[in-house]
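Breakdown of the fold
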Amino acid sequence: MAKIAVIGAGSWGTALAIVLADNQHSVKLWARRKEQADEINITHTNKRYLPEIELPETIIATDSLGESLEGAETVLLVTPTKAMRDVLPEIASKLTKPVTIVHASKGIEPDTLKRISEVIKEEIPESLRKSIVVLSGPSHAEEVSLRQPTTVTVSSDDQEEAEYVQDLFINQNFRVYTNTDMIGVELGGALKNIIALGAGMSDGLGYGDNAKAALLTRGLAEIARLGTYMGANPLTFAGLSGIGDLVVTCTSVHSRNWRAGNMLGKGQKLDEVLENMGMVVEGVRTTKAAHQLAKQQDVEMPITNVLYDVLFNEKNPKQAVDELMRRGKTDEVEDLTSLFAGRFVLDSSETSESQ
Ligand SMILES: NC(=O)C1=CN([C@@H]2O[C@H](COP(=O)(O)OP(=O)(O)OC[C@H]3O[C@@H](n4cnc5c(N)ncnc54)[C@H](O)[C@@H]3O)[C@@H](O)[C@H]2O)C=CC1
Ligand SMILES: O=C(CO)COP(=O)(O)O
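Just so we're clear, the structure is a prediction, and the values are computed from it rather than from any experiment.

Reading guide: rules and limits
Residues numbered from 1 in each chain as written. Chains lettered and ligands numbered in written order. Predicted model: local features only at pLDDT ≥ 70, side-chain atom pairs only at ≥ 80, totals over all residues. Heavy atoms only, no water. Near = heavy atom within 4 Å. Polar contact = N/O pair within 3.5 Å; in protein donor to acceptor, adjacent residues only side chain to side chain. Areas by Shrake-Rupley, 256 points an atom, 1.4 Å probe, with all protein chains shown as cover. 1 Å grid on protein atoms, 1.4 Å probe; cavity = no way out; pocket = protein on both sides within 12 Å on 5 of 7 lines; lining within 4 Å. Sits in = over half its atoms within 2 Å of the grid points. UniProt positions renumbered as here; feature names shortened; annotations may be inferred. Helix = DSSP H or I, 4+ residues; strand = E, 2+ residues; numbered from the N terminus. Buried < 20%, exposed > 50% of the residue type's maximum accessible area, 1.4 Å probe, protein only. Contact = heavy atoms within 4.5 Å. Nonpolar A, V, L, I, M, F, W, Y, C, P; charged D, E, K, R; others polar. Domains from an automatic or database assignment. Points joined across faces, edges and corners; volume = space filled by probe spheres on them. Core = buried A, V, L, I, M, F, W, Y, C linked by side-chain atoms within 4.5 Å. Pairing = 2+ DSSP bridges. Right-handed = clockwise from strand over helix to strand, strands pointing away.

In this section: the site of ligand 2. In the region of ligand 2, 13 residues are neighbours, and K192, D245, S255, R256 and N257 sit closest. Between ligand 2 and the protein, one listed contact pairs an oxygen atom with a side-chain N or O atom of S255 at 2.7 Å. In the complex, 92% of the free accessible area of ligand 2, which totals 310 Å², lies under the protein chains. Among the detected pockets, ligand 2 sits in the largest pocket.

The structure is reproduced here in structure tokens:
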């Protein structure tokens, strides 16, 4: 039995706490608000985020960060990306020994353009961490908390630590793979949210399955293009944290990014959409970050660019689709082959989705 602090009691933190409690680990769940911690401890529910779910009684919630971290061997970070910079120094100030840090959030910081593991490296001193591991993949909290079959990937620069985390989470409902390509795993999870906004928007505009298939396919191409430029192995985008998460987020009503896109496609304004959601829609800030990155790296990301204009420059969603359809002619195979050319030396031993 391991002692694990779960930081963030939203839908995903709570669902992962259930997996860990099912595996008989000692779980302390940090909630921002005292009333929420009380609800979890007294009625064993978290109705705002997972309305239908009865939580294992062994999950102990607290609104004290220090209490949640007491004795923890592993710290699982599941706050929205935008909260990481604020919460990490507080965590560092309360740690008394090195811990395994796992993060399961999906985003890129605008302006710094950093992945979450890079933010963690900056904010938690090396002396307080054994390793940083990312957990990502197609996994809606609503289904995980119902113990429905789910697969995810964990990745770290330290393969032994990735395997340690694989063992913490794996069970008959929650199958965990490893992948040594941390950059690819983090970027796949973050960038798919942009395309999910687009897929929701397309559905909201009344377009059909052809349009959505096009968005997924060409969306994956641009995710892989940026990812490969940033040092990821292109093959990772064919895995769970790539195509797997792209499919689940673009096609499910559970997805907040899809739902937000859908409302935008139906004509609602961004502020109104975000207010109605009441939960984090990571794709909005990630679109801003990816738009900056694409410019900086000179990488072509047409879907991201038109979405950026819809979100931040009041471009009409229908006009955005028209622009995508009128782009210059492209050879598909040539375009995909360019992903590999000179950017990454393919070596199948380097990336293994094992077990
Ligand atoms: N919900 C899901 O199915 C999945 C979510 N994720 C990722 O997990 C991360 C968290 O998402 P959810 O749990 O779904 O979000 P959520 O919207 O359900 O909950 C967010 C939680 O973070 C807390 N929070 C908000 N701002 C904060 C701040 N400034 N400081 C500290 N805490 C703050 C809220 O109180 C709430 O407990 C996101 O990066 C998301 O992309 C990843 C996989 C699945
Ligand atoms: O990442 C997710 C599923 O894997 C959840 O996506 P949303 O944040 O769009 O709900």
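That shown, we press on.
Another point: the UniProt feature "active site" (unreviewed entry) in the protein. Mapped onto this structure's residue numbering, the UniProt feature "active site" (unreviewed entry) falls at K192. One can find K192 in helix 8 (residues 182-204). For K192, a relative accessible area of 5% translates into the label buried. Setting aside residues no more than four positions away along its own chain, K192 makes contact with K106, I223, D245, L246 and T249.

As a further point, take the site of ligand 1. Every one of the 21 residues lining ligand 1 counts as a neighbour, but S11, W12, A141, R256 and E282 are closest to it. With respect to ligand 1, the side chain of R256 contributes an N or O atom lying 2.9 Å from an oxygen atom. Bound to the protein, ligand 1 loses 89% of the 820 Å² it would expose on its own. Taking a 2 Å distance to the grid points as the criterion, the majority of the atoms of ligand 1 fall inside the largest pocket. Of the residues in the shell around ligand 1, the class split is 11 nonpolar, 6 polar and 4 charged. When residues are assigned to domains, the shell around ligand 1 turns out to be shared by domain 1 (3-180) and domain 2 (190-340), each giving three or more.

As for its placement among the helices and strands, T62 is situated in strand 3 (residues 60-62). By relative accessible area, which is 4% here, T62 ends up buried. Not counting chain neighbours up to four residues away, the residues in contact with T62 comprise L29, W30, A31, A37, E67 and S68.

So, about the layout of surface pockets. Considered as a void within the structure, the largest pocket measures approximately 1200 Å³ in volume. Elements represented by at least two residues in the lining of the largest pocket include exactly helix 1 (11-22), helix 4 (84-94), helix 6 (141-144), helix 8, helix 10 (240-251), helix 11 (256-265) and helix 13 (282-297). By residue class, the composition of the lining of the largest pocket is 17 nonpolar, 16 polar and 13 charged. Each of two domains, domain 1 (3-180) and domain 2 (190-340), supplies a minimum of three residues to the lining of the largest pocket. Taken as a whole, the second largest pocket holds about 700 Å³ of empty space. Every residue lining the second largest pocket is counted, 28 residues in all, and those nearest its centre are R218, I303, L324, M325 and R327. For the lining of the second largest pocket, the secondary-structure elements that each account for two or more residues are helix 8, helix 9 (209-229), helix 14 (302-312), helix 15 (317-325) and helix 16 (332-340). Looking at the lining of the second largest pocket element by element, the count peaks at 6 residues for helix 9.

Among the nonpolar cores identified, the biggest contains 43 residues, and I108, L191, L246 and C250 are the most heavily contacted of them. Counting only elements with at least two residues in this core, the list comes to helix 8, helix 9, helix 10, helix 11, helix 12 (270-277), helix 13 and helix 14. In terms of residue count, the dominant contributor to this core is helix 8 (9 residues). Residue contacts for I108: discarding those within four places in its chain leaves T81, L113, K114, L187, A190, L191, R285, T286, A289 and L293. If you look at the next biggest cluster of nonpolar residues, it comprises 38 residues, including A2, I4, L16 and I59.

Glancing now at the pairing of strand 8 (residues 174-178). In terms of burial, strand 8 is a largely internal element, 4 of the 5 residues being buried. Bridge count for strand 7 (residues 150-156) against strand 8 is 5 bridges, and the pairing is parallel. In the sheet register, V152 faces strand 8, and the bridge partner there is V176. What joins strand 7 to strand 8 is helix 7 (residues 159-169), and the crossover it makes is right-handed.

To continue, consider the environment of S26. In this fold, S26 is placed in strand 2 (residues 26-30). Residue classification places S26 among the partly exposed positions, given a relative accessible area of 26%. Residues S26 and N179, 153 residues apart in the sequence, show an inter-C-alpha distance of 26 Å. Other than its neighbours up to four places away in sequence, S26 contacts M1, A2, K3 and I4.

Gaps left between atoms are located by rolling a probe of water-molecule size over the structure's atoms. Counting across every chain of the model gives 1 cavity of 30 Å³ or more. In this model, the largest cavity occupies a volume close to 60 Å³. Taken together, I18, V19, D22, V144, R147, Q148, N171, N173 and F174 make up the full set of residues lining the largest cavity. Top element by residues in the lining of the largest cavity is helix 1. It accounts for 3 residues. Of the residues in the lining of the largest cavity, the class split is 4 nonpolar, 3 polar and 2 charged.

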